[in-house]
Amino acid sequence: MTTNKQQIPPLGGRRARRTTLFDKIWDAHVVSTIENGPTQLYIDRHFCHEVTSPQAFNGLRARGLKVFRPELTTMTADHNIPTIDQDKPVKDPISRHQLETFAKNAKEFNMPIYYPLGHSKNGIVHVIGPENGFTQPGMTIVCGDSHTSTHGAFGTIAFGIGTSEVEMVLATQCILQTRPKTMRITFNGKLKPGVTSKDLALYMISKLTTGGATGYFVEYAGEAIRNMTMEERMTVCNLSIEMGARGGLIAPDETTFNYVKGREFAPKGEEWDKKLAYWKTLKSDDDAVFDMELTFDASEIEPMITYGTNPGMGMRISDSIPTLDEVGETGRISFQKSLDYMGFQPGEKLLGKSIDYVFLGSCTNGRIEDFRLFANYVKGKKKAKNVTAWLVPGSWKVRKQIEEEGLDKILEAAGFSIRQPGCSACLAMNDDKIPAGKYAVSTSNRNFEGRQGPGARTILAGPLVAAAAAVSGRITMP
Amino acid sequence: MEKFKTITSSVVPLPIENVDTDQIIPARFLKATDKEGFGDNLFADWRYQKDGTPKSDFVLNNPTYAGSILVAGKNFGSGSSREHAAWAIGGYGFKVVVSSFFADIFKNNALNNGILPVVVSPEFLNDIFKAVKKDPKTTLTVNLQDQVITNNANKAGETFEINAYKKECLLNGLDDIDYLLSKKELIEEFERKRSPLNPPRGTLGECK
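Keep in mind that this is a model prediction, so the values were computed, not measured.

Reading guide: rules and limits
- Here the residue index of a chain counts from 1 through its sequence in written order.
- Chain letters and ligand numbers both follow the written order, the letters beginning at A and the numbers at 1.
- Local features in a predicted model are, by the rule used here, given only for residues with pLDDT of at least 70; side-chain atom pairs are given and counted only at 80 or more, and totals for whole chains, interfaces and linings are based on all residues.
- Note that water and hydrogens are dropped before the side-chain values are worked out from all heavy atoms of the structure.
- Numbering of helices and strands runs from the N terminus, with a helix taken as a DSSP run of H or I at least four residues long and a strand as a DSSP run of E at least two residues long.
- Radius of gyration means the value over C-alpha atoms here, while the globule rule gives 2.2 Å times the residue count to the 0.38 power.
- Here, residues are in contact when the closest pair of their heavy atoms is within 4.5 Å.
- Each accessible area is a Shrake-Rupley estimate made with a 1.4 Å probe; only the visible protein chains count as cover when residues are assessed.
- Under this rule, positive means Lys or Arg and negative means Asp or Glu; His and the chain ends count for nothing.
- To locate a charge, the coordinates of NZ of Lys, CZ of Arg, CG of Asp or CD of Glu are taken.
- Burial classes: relative accessible area under 20% of the type maximum marks a residue as buried, over 50% as exposed, and values in between as partly exposed (1.4 Å probe, protein chains only).
- By definition, two strands form a pair when at least two bridges between them are found by DSSP.
- Angles run from 0 to 180 degrees between N-to-C directions of axes, and those axes are lines fitted to C-alpha atoms, restricted for helices to the stretch in contact.
- Angular relationships are summarised with four words: roughly parallel below 35 degrees, roughly antiparallel beyond 145, roughly perpendicular across 65 to 115, and oblique for the angles in between.
- For any pair of crossing helices, the crossing counts as left-handed if the nearer helix is rotated counterclockwise from the farther one by less than a right angle, and right-handed if it is rotated clockwise.
- All amino acids are sorted into three groups, where Ala, Val, Leu, Ile, Met, Phe, Trp, Tyr, Cys and Pro are nonpolar, Asp, Glu, Lys and Arg are charged, and the leftover types, Gly among them, are polar.
- What makes a nonpolar core is a set of buried Ala, Val, Leu, Ile, Met, Phe, Trp, Tyr and Cys residues whose side-chain atoms join them at distances within 4.5 Å.
- Once two parts are put together, the accessible area they lose, assessed with a 1.4 Å probe and summed over both, is termed the buried area.
- Here, a salt bridge means any Lys or Arg side-chain nitrogen found within 4 Å of an Asp or Glu carboxyl oxygen.
- By convention, a stacked pair of Phe, Tyr or Trp rings (six-membered ring in the case of Trp) has centres within 6.5 Å and planes under 30 degrees apart, an edge-to-face pair has planes over 60 apart, and any other such pair is tilted.

Engineer: With reference to specific residues and values, describe the overall build of chain A.
Structural biologist: Within chain A, the secondary structure is distributed over 16 helices and 21 strands. Taking 23 Å as the expected radius of gyration for a compact globule of 478 residues, we find that chain A reaches 22 Å, a close match to that expectation. Each of the three principal axes of chain A carries a C-alpha extent, and together these read 60 × 55 × 45 Å. A fraction of 76% describes how many contacts in chain A between residues 6 or more apart in sequence connect residues 24 or more apart. Per element, the accessible surface of chain A, about 15,900 Å² overall, is 51% carbon and sulfur. Side chains of chain A give 57 positive and 53 negative charges; the mean places of these two sets differ by 2 Å.

Engineer: Describe the overall build of chain B, and please don't skip the residues or the numbers.
Structural biologist: Counting its secondary structure elements, chain B contains eight helices and seven strands. Dimensions of chain B along its principal axes, counting C-alpha atoms only, are 65 × 45 × 25 Å. Looking at chain B as a whole, 56% of its 208 residues are labelled buried. Within chain B, residue pairs in contact and separated by at least 24 positions form 64% of the contacts whose partners lie at least 6 positions apart. Carbon and sulfur atoms make up 49% of the accessible area of chain B, which totals about 9,000 Å². Distance between charge centres in chain B, computed from 26 positive and 27 negative side chains, equals 0 Å.

Engineer: Explain the sheet that holds strand β8 (residues 114–115) of chain A to me, and be specific about the residues and the numbers.
Structural biologist: Residues and elements named next belong to chain A. Pairing within the open sheet is parallel, and its five strands lie in the order β8-β7-β6-β9-β10. Of all the strands in the sheet, just β8 and β10 (157–160) have a single pairing partner and so form its edges. By the bridge criterion, three bridges tie strand β6 (residues 45–48) to strand β7 (residues 73–76) in an arrangement that is parallel. Directly across from H46, in β7, lies its bridge partner T73.

Engineer: I'd like a description of the packing of helix α13 (residues 368–378) of chain A against helix α14 (residues 396–404) of chain A, backed by residues and values.
Structural biologist: All names here are of chain A. The contact between α13 and α14 brings their axes to 9 Å, and the two run at 40 degrees. Between α13 and α14, the angle is such that the two are oblique. Classified by chirality, the crossing of α14 by α13 is right-handed. Counting all contacts with α13, which are made through I368, F371 and R372, the residues of α14 involved are V398, Q401 and I402. Among the residues making up the contact of α13 with α14, the classes are represented as four nonpolar, one polar and one charged.

Engineer: Requested: an account of the nonpolar core, with residues and values cited.
Structural biologist: One finds V358 and F374 of chain A together with L14, F43 and F76 of chain B to be the most contacted residues of the largest nonpolar core, which totals 82 residues. The biggest single contributor to this core is helix α16 (residues 463–472) of chain A, with eight residues. Contact partners of V358 of chain A, with chain neighbours within four places excluded, come to F374, V387, T388, A389, W390, V441, A466, A469 and A470 of chain A. In terms of nonpolar packing, the next biggest core, distinct from the first, is built from 77 residues, V90, V142, A213 and Y259 of chain A among them.

Engineer: So what's going on with the environment of L171 of chain B? Residues and values would help.
Structural biologist: All names here are of chain B. Following the sequence through the fold, L171 ends up in helix α6 (residues 164–172). Accessibility expressed as a relative area gives 16% for L171, which makes it buried. Along the chain, L171 and K5 lie 166 residues apart, while their C-alpha atoms are 7.0 Å from each other. If we ignore the near neighbours within four places in the chain, the residues touching L171 are K3, F4, L144 and Q145.

Engineer: Describe in detail the interface of chain A and chain B, supporting the description with residues and values.
Structural biologist: A common way to report how large an interface is uses the accessible area buried once the components associate. Facing 80 residues of chain A, the contacting portion of chain B comprises 60 residues. Carbon and sulfur atoms make up 58% of the area that chain A and chain B hide from each other, which totals about 6,100 Å². Scanning the region where chain A abuts chain B turns up six salt bridges. Of all the elements in the fold, those that place two or more residues in the side of chain A that touches chain B are β4 (30–33), β5 (39–42), α2 (54–63), α3 (93–108), α5 (163–172), β11 (174–177), α10 (269–279) and α11 (332–342) of chain A. Sort the elements by how many residues they give to the side of chain A that touches chain B and α5 of chain A lands first, with seven residues. Its residues assigned to classes, the side of chain A that touches chain B shows 29 nonpolar, 32 polar and 19 charged.

Engineer: Mind laying out the environment of L249 of chain A, listing which residues take part and the relevant values?
Structural biologist: Residues and elements named next belong to chain A. Its place among the elements puts L249 in strand β14 (residues 247–249). Residue classification places L249 among the buried positions, given a relative accessible area of 1%. With 28 residues separating them along the chain, L249 and A221 place their C-alpha atoms 9.0 Å apart. Residues in contact with L249, not counting those within four places in the same chain, are L21, F22, I25, G152, G155, T156, F217, V218, E219, Y220 and C237.

Engineer: Summarise the packing of aromatic side chains; cite the residues concerned and give the values.
Structural biologist: For the structure shown, the criterion picks out 26 aromatic pairs over all chains. Centroid distance Y165 of chain B to Y179 of chain B: 5.6 Å. Interplanar angle 75 degrees. Geometry classified as edge-to-face. With Y165 of chain B in helix α6 and Y179 of chain B in helix α7 (residues 176–181), this residue pair connects regions lying 14 residues apart in the sequence. Here a set of aromatic residues connected by ring pairs shows up, and it is made of F47, Y115, F134 and F265 of chain A.

Engineer: Now, about α6 of chain B: what can you tell me, with residues and values included?
Structural biologist: Of the residues making up α6 of chain B, those classed as buried are Y165, K166, K167, C169, L170 and L171 of chain B. The inward-facing, buried residues of α6 of chain B contact β11 of chain A together with α4 (104–111), β4 (116–119) and α7 of chain B. Downstream of α6 of chain B by a residue or two, G173 of chain B has a phi angle that is positive, lying close to 70 degrees.

Engineer: Explain unusual backbone geometry to me, using residue names and the numbers behind them.
Structural biologist: Residues and elements named next belong to chain A. Phi at T209 is positive, roughly 70 degrees, even though this residue is not glycine. Examined against the element boundaries, T209 turns out to sit in the loop between α6 (197–208) and β13 (216–221). On the basis of relative accessible area, T209 is assigned to the partly exposed category, the value being 42%. Unlike most non-glycine residues, S362 shows phi in positive territory, near 85 degrees. Within the secondary structure, S362 is located in helix α12 (residues 362–365). S362 gets classed as buried once you look at its relative accessible area, which sits at 1%.

It is worth stressing that arrangement in space is one thing and function is another; only the former is reported here.
As structure tokens, this is what we get:
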């Protein structure tokens, strides 16, 4: 990794040049600026789910407010829903009440875009946004969910917000935000075969640590990023928050335009042509100045796993966990606490280690390409007897496509079954909880203590490593 | 929102780094549709056994430590954007969280709930932990008006940053929504004037 922290002379509290892609999109959305304070930013698209919105709607009620621009909010139930029997009433009364509240809010506030359980466009908020064409280059996008950074793959400023901010957006279509610093991370070279965009992201986070990009908005660039499909780019941008970044974005190109074109909410006809011409201008200028620049060689990246309890604690699958000597003194207590939770020893190798669960899904890796990779690997093989596998598509559209491509038959022949869409075991709000002490190889985004259930031990990985673990019952090089 | 006043209080030390919001309030407690009661489940998995009895080795269960100031290791509040984390911290009774580094979203959420995140230098943080270890009755004074935090054990003070707007909001008990609602005309003007090429408005097929 090479670092170049640029010293930029301040100019009346602002930096001298603002020619990055981030700056262009940000500047196009500034409604007003508060002196010595945040910027009032206009939001083009707001995504909304059942868990972080009820208190915001209550806030509107308490103030006697309407939703200012209802058509700019997309509502989908995803976080707290079962992934089986979605056609039946939700068993847990508190979860059912939360979903009923979501429905009531949609109705009472006349929200025109609302996808409840079982709707053909229902799914994880960051999967359905792009797949239905809501997500378009140049937009500002927010959601009460930190993985909103996913949408940055289309060249948008997209970031997670809290519930107070959800209320602000519902009430005014605006938000007050302090302008973050800019960082560019360039991946030169090509990824090796069998190395996924998830591996690239886990590698990057392991280098930057879990707070290494805090305060920054990241632009991803370089040959390895350009070569990626939209879904691969979404995986990278999705994980921006795991190194603390406010968000991550990628300049739109032909790959982006081809993906967006023809989707339901994408511009059509003459409007498409006009928008396309504008979208083609959305890139950082050649002389753009970033507050920080990092460069990696993509060809050095290998399949990755995590060994600890934050996404920055990652390593190559064949590596050993760092020893206490390799960890700085101040971080040693936290490091040891983390390994104690995971039941691992400093210096231990994890290759060959027996695992109990495999989770394929989430806004990070729950798209059709992830299912293709997984199915292709397990084709003709059998799921290991000691492994419980949960395969959870990111949306109903993804599930439908799995069936259309016959991937369900391949997976079933190998001993797997496909569940109904939702966030599922990524945050385990529903019944999809990994039991205490069990090891899960998970394609999701967080390995925090208890994230996948109280006491659950999460090993983050890409879909190929997950597939290899599912058939061997062990941590295995795919 | 309550007006923020100068606080002098003993502290609850949590010298753990990278405390993520899943630890502050685990996801299974996010099923509520109001903001009440989250304080009871603050740090639930560190604080309680499976059967709900308190874990005696966790700081919130140690009667030696109390106060309205939480002092935590660096990178506090990383991970999920859940504002429930701020509601849990506020609900428990904390008014201030001190650390050498905060995650962005948590910082915003705290401020939007009248909780002040105070960023101090790693040395200052370490001195607090040391002083509290020596004498759990050690107090800190947090003066938002002057932007000064004082460790009353050694009388050492440090200034802290906060943007002028947020400071005014906290001191006067105002929130961002009040401000934004006062700008409605400006927002409508922005919608009218912005480039027709870069707004999604009017482009949504079924919602026109």
